[in-house]
Amino acid sequence: MKIDSFTVLAEQAADDPAIEALHETAFGPGRFARAASILREGVPHDPELSFVAKSGLDLVGSVRLTPIRIGAKPALLLGPLAVVNSWKGRGAGKSLMRTALAAATEAGHQLVLLVGDEPYYGPFGFQRVAPYQVTLPAPADPARILVCPLVQGAMEGLGGVVTRRA
Ligand SMILES: CC(C)(COP(=O)(O)OP(=O)(O)OC[C@H]1O[C@@H](n2cnc3c(N)ncnc32)[C@H](O)[C@@H]1OP(=O)(O)O)[C@@H](O)C(=O)NCCC(=O)NCCS
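In this text the structure is predicted, and so the values were computed from the model without any measurement.

A look at the overall build of the protein
Point 1. When its secondary structure is counted, the protein shows four helices and nine strands.
Point 2. Ordering the α and β elements of the protein from the N terminus gives β-α-α-β-β-β-α-β-α-β-β-β-β.
Point 3. Relative to the 2.2 N^0.38 estimate, which gives 15 Å for 166 residues, the radius of gyration of the protein is 15 Å and therefore close to what a compact globule would have.
Point 4. Taken along the three principal axes of its C-alpha coordinates, the protein extends 55 × 35 × 30 Å.
Point 5. Residues counted as buried form 32% of the 166 residues belonging to the protein.
Point 6. Nonlocal contacts in the protein, meaning residues at least 24 apart in sequence, comprise 69% of its contacts between residues at least 6 apart.

This is the structure in structure tokens:
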């Protein structure tokens with residue numbers, strides 16, 4: 001029987017193979033060279049802040065948050081966010097985004113950074129940083145470097161090199 005709805009759940013270790021397969025399909029082998037991937041190298045995503053969407057036992061989508069620093073400020077890197085092709089446009093991406101950002105806020109985090117499309121992420125509170133305000137470990141289109149403050153004042157004095165945070 002085909003189930004037509006999905007549920008957002010905390011990511012479990014057992015979800016990993018399906019998530020890796022989704023990333024391979026969504027982003028291809030070139031994904032490892034991207035600035036965001038480099039920031040995730042050797043740093044585990046935060047399991048408390050990473051979520052899957054599932055329909056029955058099937059993975060529908062995934063979002064992960066990983067600790068980083070922007071200059072001296074602790075922050076989170078959002079991504080990858082990916083949804084299985086046959087489920088696109090049915091709200092899974094937005095549900096995963098809302099859940100991850102609410103969990104990050106609840107846990108007391110102040111800032112989330114991602115590299116992505118402003119038209120999609122803007123409605124969640126993401127905004128462009130000024131040119132050269134932040135430096136990533138690999139080239140990225142400045143128009144796609146987006147930051148979301150989770151608390152008032154989080155953007156004050158924001159800037160610098162984005163680095164891994166263990
Ligand atoms: C981007 C992605 C996660 C969106 O997930 P989704 O479940 O399909 O999205 P939702 O159903 O929650 O939202 C659909 C809406 O987002 C819009 N949208 C989807 N991708 C978009 C994009 N890249 N830019 C702007 N809007 C986008 C759709 O047009 C739709 O708009 P509508 O609500 O006005 O009809 C999904 O398309 C995906 O996995 N893409 C490939 C991987 C990827 O690019 N990830 C993001 C990396 S930055």
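Now that the structure has been shown, we can carry on.
Notes on the nonpolar core
Point 1. Leu76, Leu77, Leu78, Ala100, Val112, Leu113 and Leu114 are the most contacted members of the largest nonpolar core, which has 43 residues in total.
Point 2. Elements with a contribution of two residues or more to this core: helix H1 (16-27), helix H2 (35-40), strand S2 (51-55), strand S3 (58-70), strand S4 (73-83), helix H3 (92-106), strand S5 (111-115) and strand S8 (145-149).
Point 3. With seven residues, the top contributor of residues to this core is S4.
Point 4. In this view, Ala100 contacts Leu49, Phe51, Val63, Leu65 and Leu78; residues no more than four positions away in its chain are not counted.

A word on the environment of Gly108
Point 1. On the secondary structure map, Gly108 appears in the loop between H3 and S5.
Point 2. For Gly108, a count of 8 C-beta atoms within 10 Å translates into the label exposed.
Point 3. Taking the C-alpha atoms as reference points, Gly108 and Ala35, separated by 73 residues in sequence, lie 25 Å from one another.

Details of the pairing of S3
Point 1. Burial within S3 is extensive, with 10 of its 13 residues counted as buried.
Point 2. By the bridge criterion, five bridges tie S2 to S3 in an arrangement that is antiparallel. Looking at the pairing, Phe51 lines up with Val63 of S3.
Point 3. The pairing of S3 with S4 spans nine bridges and is classified as antiparallel. If you follow Thr66 over to S4, its bridge partner there is Leu77.
Point 4. Hairpin connection, S3 to S4: the antiparallel pair is bridged by two residues, and Gly71 has positive phi, about 60°.
Point 5. Relative to strand S9 (residues 160-164), S3 runs antiparallel, the two being bridged by three bridges. Residue pairing across strands places Ile68 opposite Arg164, the latter belonging to S9.

What to know about unusual backbone geometry
Glycine aside, negative phi is the norm for most residues, and most peptide bonds take the trans geometry.
Point 1. With omega at -10°, the peptide bond leading from Gly79 into Pro80 counts as cis.
Point 2. Here Pro80 is to be found in strand S4.
Point 3. In this structure, Tyr132 is a non-glycine residue whose phi angle is positive, near 70°.
Point 4. Inspection of the secondary structure assignment puts Tyr132 in the loop between strand S6 (127-128) and strand S7 (134-135).

Quick look at H1
Every α-helical turn comprises 3.6 residues, leaving residues that sit three or four positions apart pointing alike.
Point 1. The terminal C-alpha atoms of H1 lie 16 Å apart, and with 12 residues this matches the ideal 16 Å at 1.5 Å per residue to within 8%.
Point 2. Gly28 occupies a position one or two residues after H1 and carries a positive phi of about 70°.

About the thresholds
- Residues numbered from 1 in each chain as written.
- Predicted model: local features only at pLDDT ≥ 70, side-chain atom pairs only at ≥ 80, totals over all residues.
- Helix = DSSP H or I, 4+ residues; strand = E, 2+ residues; numbered from the N terminus.
- Rg over C-alpha atoms; globule rule 2.2 N^0.38 Å.
- Buried ≥ 20, exposed ≤ 12 C-beta atoms within 10 Å, placed from the backbone.
- Contact = placed C-beta atoms within 7 Å.
- Core = buried A, V, L, I, M, F, W, Y, C linked by C-beta atoms within 7 Å.
- Pairing = 2+ DSSP bridges.
- Expected span 1.5 Å × (residues − 1).

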